[in-house]
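What follows is each chain in one-letter form.
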Amino acid sequence: MSTFQLEQTYSNFINGEWVKAASGKTDASINPANRNEVVGHVPASGVEDLNQAVTAAKAAAKSWRKLTGAERGDFLFQAANVLERRANEVAEAMTREMGKTFPEAKGETMRGVAILRYYAGEGMRKTGDVIPSTDSEALMFTTRVPLGVVGVIAPWNFPVAIPIWKAAPALIYGNTVVLKPAQETAVTAAKVLECFEEAGLPAGVLNLVCGKGSVIGSAMAEHPDVNGITFTGSNEVGKRVGAAVLSRGAKYQLEMGGKNPVIIAADADLDLAVEGTISGGLKSTGQKCTATSRVIIERIVYDAFKEKLLAKVEEIRLGDGMSGESWMGPCASEGQLNTVLSYIQKGQDEGAILLAGGNRPDSPELAEGFYVQPTVFEGVESHMSIAREEIFGPVLALMPVDSIEEAIELANDSDYGLSASIYTQNVGSMLSFIRDMDAGLVRINAETAGVELQAPFGGMKMSSSHSREQGQAAIEFFTAIKTVFVKS
Ligand SMILES: NC(=O)C1=CN([C@@H]2O[C@H](COP(=O)(O)OP(=O)(O)OC[C@H]3O[C@@H](n4cnc5c(N)ncnc54)[C@H](OP(=O)(O)O)[C@@H]3O)[C@@H](O)[C@H]2O)C=CC1
Ligand SMILES: O=C(O)CCC(=O)C(=O)O
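Definitions and limits used
- Residues numbered from 1 in each chain as written.
- Chains lettered and ligands numbered in written order.
- Predicted model: local features only at pLDDT ≥ 70, side-chain atom pairs only at ≥ 80, totals over all residues.
- Heavy atoms only, no water.
- UniProt positions renumbered as here; feature names shortened; annotations may be inferred.
- Helix = DSSP H or I, 4+ residues; strand = E, 2+ residues; numbered from the N terminus.
- Buried < 20%, exposed > 50% of the residue type's maximum accessible area, 1.4 Å probe, protein only.
- Near = heavy atom within 4 Å.
- Polar contact = N/O pair within 3.5 Å; in protein donor to acceptor, adjacent residues only side chain to side chain.
- Areas by Shrake-Rupley, 256 points an atom, 1.4 Å probe, with all protein chains shown as cover.
- Pairing = 2+ DSSP bridges.
- Axes fitted to C-alpha atoms, helices over the stretch in contact; angles between N-to-C directions.
- Contact = heavy atoms within 4.5 Å.
- Patch = residues over 30% accessible without salt bridge, like charges linked within 9 Å, V, L, I, M, F, W, Y side chains within 5 Å.
- Salt bridge = Lys/Arg side-chain N within 4 Å of Asp/Glu carboxyl O.
- Lys, Arg positive; Asp, Glu negative; His and termini not counted.
- Charge placed at Lys NZ, Arg CZ, Asp CG, Glu CD.
- Domains from an automatic or database assignment.
- Buried area = accessible area lost by both parts, 1.4 Å probe.
- Expected span 1.5 Å × (residues − 1).
- Parallel < 35°, antiparallel > 145°, perpendicular 65-115°, else oblique.
- Left-handed = near helix turned anticlockwise from the far one by under 90°.
- Nonpolar A, V, L, I, M, F, W, Y, C, P; charged D, E, K, R; others polar.

As annotated in an unreviewed UniProt entry, the protein chain carries the name Aldehyde dehydrogenase (NAD+) and comes from Paenibacillus polysaccharolyticus. The UniProt entry for the protein chain carries the following comment under Sequence similarities (unreviewed entry): "Belongs to the aldehyde dehydrogenase family."

Next comes the structure, spelled out in structure tokens:
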């Protein structure tokens, strides 16, 4: 039974205290499945609030970095336990705030628990190497030090997993953190912070400041006491954040968009490929940077694949993510819905053929939500907007080709290079794809979405700042290497 309380007022978490925005202003966080439901009221903070959080984080950094990795890890283990206990409540906040179905939200919350446990364990692992010196009397080795204060700017599409996969490694390696969540999912962020508070994290080590990205996010990028910024979101904002951080000599990491292809080879298991295309392209209403958006099919199986795909798309049930009947929820916001509808219109204007969906659903019980039908186009050419730009919605573009070579060439004809997959049973095709596909994540007989927390994650080309998040790769961003030379 749900214990979630609507319309509560949430605060920022600064220096271990829940505090209102200095201005007293709040924004209403609304449910995209029903625009009339206010999930909660969240602070509409200003730069003054951010400055207080950075001051608290800077002060806390002195003692936090002095703890052993194992001691810091204990706090993360505790936070994981609290989050696990409160998983239903946190997942419900997520579903109500951004629309993904409750099972997906619960899965993401449990992924947050696993990420915390993984990085808690990292506190006990090695942080350097001994390197032979040319001086036989000396000892030379590397060690790692934290950056100091890390700013986390997070999006709304994974409101638990992304803040945690950024904050947990930052913390374990001895940094303190100021988190700016997407304003659309600030209630969920506050609930995650409550878990860290309950875990007894020392004051100032992890702070939360909710507010507009153009105010808080950009002030964070320019703040002289924020030593590193890790960002996930749009290309446009990411580039701006990166430029601002670079200009003051601090460190940045950007994870941005994708235009991820799946290749269906002539020898693919078509049922498996259809399942992976639907799951990769339409789960979470297509709002993943790893979502499948271009479906490149060998012509010989084009009609058979299309028929099976359209039959499955037809079966998709749209609805409120809190209902056990729904497979696909709404877009996360009205703005996101309008973006998706405008791309669908552009697709038609530019000459693509609509095979399924293309509109808001007409059922009256969905009228107050930001729903869009799962949509499939064919006749899509590489120059069209729907083949080039990230839509971030449930829209698939079918593109036939005559060979695997042509498929990989078409798949690479993109400014992005985050994730890509191929369905084939031919080892030669698999190996060509692994070698020639320009993407940070290549998957064989598996959908483009779904990253594993213990493996490096990031993209090529415009998809990222060429750094990697997650797994042990995270240590590269959240620490600096010090080379030590010791001689008695
Ligand atoms: N790669 C990914 O996973 C994601 C990609 N996107 C892409 O971006 C598109 C737009 O989504 P949107 O939410 O607007 O993405 P944004 O890039 O605007 O938002 C991502 C984060 O950046 C913040 N932000 C916004 N403006 C600034 C700024 N000037 N300086 C610093 N931080 C800022 C946002 O704050 P706030 O929103 O609170 O104002 C949010 O916390 C989507 O359609 C999709 O294509 C979006 C989300 C995730
Ligand atoms: O596919 C996933 O699990 C992660 C996707 C992601 O990182 C994103 O959408 O921002």
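Comments concerning the UniProt feature "active site" (unreviewed entry) in the protein chain
Under the feature "active site" (unreviewed entry), the UniProt entry names E255. If you trace the backbone, E255 turns up in strand β11 (residues 251-255). Taking the relative accessible area as the measure of exposure, E255 reaches 2% and is therefore buried.

Structural notes on the site of ligand 1
Of all residues adjacent to ligand 1, which total 27 residues, the nearest are A154, W156, Q183, S234 and E390. Within the backbone of A154, a nitrogen or oxygen atom sits 2.7 Å from an oxygen atom of ligand 1. Within the complex, the protein chains bury 83% of what would otherwise be the 860 Å² of accessible surface of ligand 1. Elements that contribute at least two residues to the shell around ligand 1 include exactly α7 (213-222), β10 (228-232) and α8 (235-247). Residue contributions to the shell around ligand 1 peak at 4 residues, all from α7.

Remarks on the sheet that holds strand β18 (residues 419-423)
Two modes of strand pairing occur in sheets, parallel and antiparallel, and in both the strands are linked by backbone hydrogen bonds. Pairing within the open sheet is mixed, and its 7 strands lie in the order β14-β15-β16-β13-β12-β18-β19. Each edge of the open sheet carries a strand with a single partner, namely β14 (353-356) and β19 (441-444). This sheet shows a mean twist of 25° between the axes of neighbouring strands, independent of strand direction. In this sheet, strand β16 (residues 395-401) lies alongside strand β15 (residues 375-378) in parallel orientation, the contact comprising 3 bridges. Pairing of F377 across the sheet is with A397, part of β16. Helix α10 (residues 302-314) rests against β12 (260-264), β13 (292-298), β14, β15 and β16 of the sheet, and its axis sits at about 170° to β16. Across the sheet, helix α13 (residues 404-412) lies against β12, β13, β16 and β18, angled at about 160° from β13, the strand it touches most.

A closer look at a positive patch on the surface
Together, K62, R65, K66 and K482 make up a positively charged patch on the protein surface. Inspection of the secondary structure assignment puts K62 in helix α1 (residues 47-64). What makes K62 exposed here is its relative accessible area of 56%.

So, the domain arrangement of the protein chain
Here the domain parsing of the protein chain yields domain 1 (8-256 + 464-487) and domain 2 (260-452). The straight-line distance from the C-alpha centre of domain 1 to that of domain 2 is 31 Å. Domain 1 puts 27 residues into the contact, and the matching count from domain 2 is 28 residues. Across the domain 1 to domain 2 interface the summed buried area is about 2200 Å²; carbon plus sulfur atoms make up 55%. Of all residues in domain 1, P32, R35 and W156 give up the largest surface area on contact with domain 2, accounting jointly for 24% of the area buried on that side. At the boundary of domain 1 and domain 2, one finds 2 salt bridges. E368 serves as the salt-bridge partner of R35, at 4.0 Å between the closest nitrogen and oxygen. Our count for the domain 1 to domain 2 interface comes out at 7 residue pairs in polar contact (both at pLDDT 80 or more).

Section: helix α5 (residues 161-172)
Here α5 is 12 residues long and its end C-alpha atoms lie 16 Å apart, about the 16 Å a rise of 1.5 Å per residue gives. In terms of residue burial, α5 counts as a mostly covered element, since 12 of its 12 residues are buried. Every buried residue of α5 is listed here: A161, I162, P163, I164, W165, K166, A167, A168, P169, A170, L171 and I172. Directly after α5, the chain includes G174, whose backbone phi takes a positive value near 100°.

As for the packing of helix α3 (residues 87-98) against helix α4 (residues 102-122)
The interhelical angle for the contact between α3 and α4, taken along N-to-C directions, is 125°, at an axis separation of 8 Å. Of the possible angle classes, the one that applies to α3 and α4 is oblique. Handedness of the crossing formed by α3 with α4: right-handed. In this structure, α3 contributes A87, N88, V90, A91, E92, M94 and T95 to the contact, and α4 contributes F102, A105, K106, E108, T109 and M110. Considering only residue class, the contact of α3 with α4 consists of 7 nonpolar, 3 polar and 3 charged.

Focus: the site of ligand 2
Neighbouring residues of ligand 2: 14 residues in total, closest R111, N157, C289, T290 and G450. Contact distances for ligand 2 include 2.9 Å between an oxygen atom and a side-chain N or O atom of R111. Here an oxygen atom of ligand 2 and a side-chain polar atom of N157 are 2.9 Å apart. Contact with the protein chains hides 99% of the accessible area of ligand 2, taken as 300 Å² for the molecule alone. Here the shell around ligand 2 spans two domains, and each of domain 1 (8-256 + 464-487) and domain 2 (260-452) adds at least three residues to it.

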